[in-house]
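Next come the chains, spelled out residue by residue.
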Amino acid sequence: MSKNLKKVTDLDILYDLEYRGVANLVADIQSGLFYVPESLVTRIKKIIEKEFSMDLVTGEISEEKESGHFCLLPFVNQRQVQLVEKENL
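Residues numbered from 1 in each chain as written. Predicted model: local features only at pLDDT ≥ 70, side-chain atom pairs only at ≥ 80, totals over all residues. Heavy atoms only, no water.

**Student:** Got a minute to help me understand the sheet that holds strand β1 (residues 35-37) in this structure?
**Tutor:** Strand pairing in a sheet is mediated by backbone hydrogen bonds. Such pairs are either parallel or antiparallel. Taken together, 3 strands build an open sheet; the order of strands is β1-β5-β2 and the sheet is antiparallel. Whereas interior strands pair on both sides, the edge strands pair on one side only; in this sheet they are β1 and β2 (56-61). Across this sheet, the average inter-strand angle for adjacent strands is 40°, counted without regard to direction. Pairing between β2 and strand β5 (residues 80-85): 4 bridges, direction antiparallel. Counterpart to Leu-56 in the pairing with β5 is Glu-85. Sitting on the sheet, helix α2 (residues 22-30) touches β2 and β5, and the angle it makes with β5 is about 100°. The strands that helix α3 (residues 41-52) touches are β1, β2 and β5; relative to β2, the one it contacts most, it runs at about 140°. (Pairing = 2+ DSSP bridges. Helix = DSSP H or I, 4+ residues; strand = E, 2+ residues; numbered from the N terminus. Axes fitted to C-alpha atoms, helices over the stretch in contact; angles between N-to-C directions. Contact = heavy atoms within 4.5 Å.)

**Student:** Which parts of the structure should I look at to understand the environment of Leu-14?
**Tutor:** Positionally, Leu-14 belongs in helix α1 (residues 10-17). Looking at Leu-14, the relative accessible area reads 8%, which means it is buried. The spacing of Leu-14 and Glu-87 is 73 residues in sequence and 22 Å in space, taken between C-alpha atoms. Beyond its immediate chain neighbours, meaning those up to four positions away, Leu-14 contacts Ile-47, Glu-51 and Phe-52. (Buried < 20%, exposed > 50% of the residue type's maximum accessible area, 1.4 Å probe, protein only.)

**Student:** Mind showing me how you'd approach the environment of Asp-10 here?
**Tutor:** Within the element layout of this structure, Asp-10 appears in helix α1. Sequence-wise, Asp-10 and Ile-47 are 37 residues apart; in three dimensions their C-alpha atoms are separated by 6.8 Å. Setting aside chain neighbours within four positions, we find Asp-10 in contact with Arg-43, Lys-46 and Ile-47. Only 2.9 Å separates the side chain of Asp-10 from the side chain of Arg-43, close enough to count as a polar contact. (Polar contact = N/O pair within 3.5 Å; in protein donor to acceptor, adjacent residues only side chain to side chain.)

**Student:** Is there a simple way to explain unusual backbone geometry in this structure?
**Tutor:** What is expected of a backbone is that most residues other than glycine have negative phi and most peptide bonds are trans. Its identity is not glycine, yet Leu-72 carries a phi of approximately 75°, on the positive side. Even without a glycine there, the phi angle at Asn-77 is positive, about 50°. Take Asn-77: its relative accessible area is 46%, and that puts it in the partly exposed class.

**Student:** What exactly am I supposed to notice about the packing of α1 against α3 here?
**Tutor:** The angle between the axes and the distance between the axes are what describe a pair of packed helices. The contact between α1 and α3 brings their axes to 10 Å, and the two run at 75°. Between α1 and α3, the angle is such that the two are roughly perpendicular. Contact with α1, carried on its side by Asp-10, Ile-13, Leu-14 and Leu-17, involves Arg-43, Ile-44, Lys-46, Ile-47, Ile-48, Glu-51 and Phe-52 of α3 and no other residues of that element. Counted by class, the contact of α1 with α3 contains 7 nonpolar, no polar and 4 charged residues. (Parallel < 35°, antiparallel > 145°, perpendicular 65-115°, else oblique. Nonpolar A, V, L, I, M, F, W, Y, C, P; charged D, E, K, R; others polar.)

What follows is the structure, given as structure tokens:
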């Protein structure tokens, strides 16, 4: 890792998730519009469940693979996994 890059903490991820507002984040999760790269599902799920007291489950998984950044974390050639609140299934 480069000396100029710091480790992305759970708090960094939480701030990035909340950027558009907590209400928007929660609404996206409840309506099934929240997708996460497959390699980050466990970490993102843990953060959201802890901070928002939500019980999340995985839903749809995209067929197409993508590369990019999600909450400051790079991902390469990943399918997108839906995270949805269990009670809204």
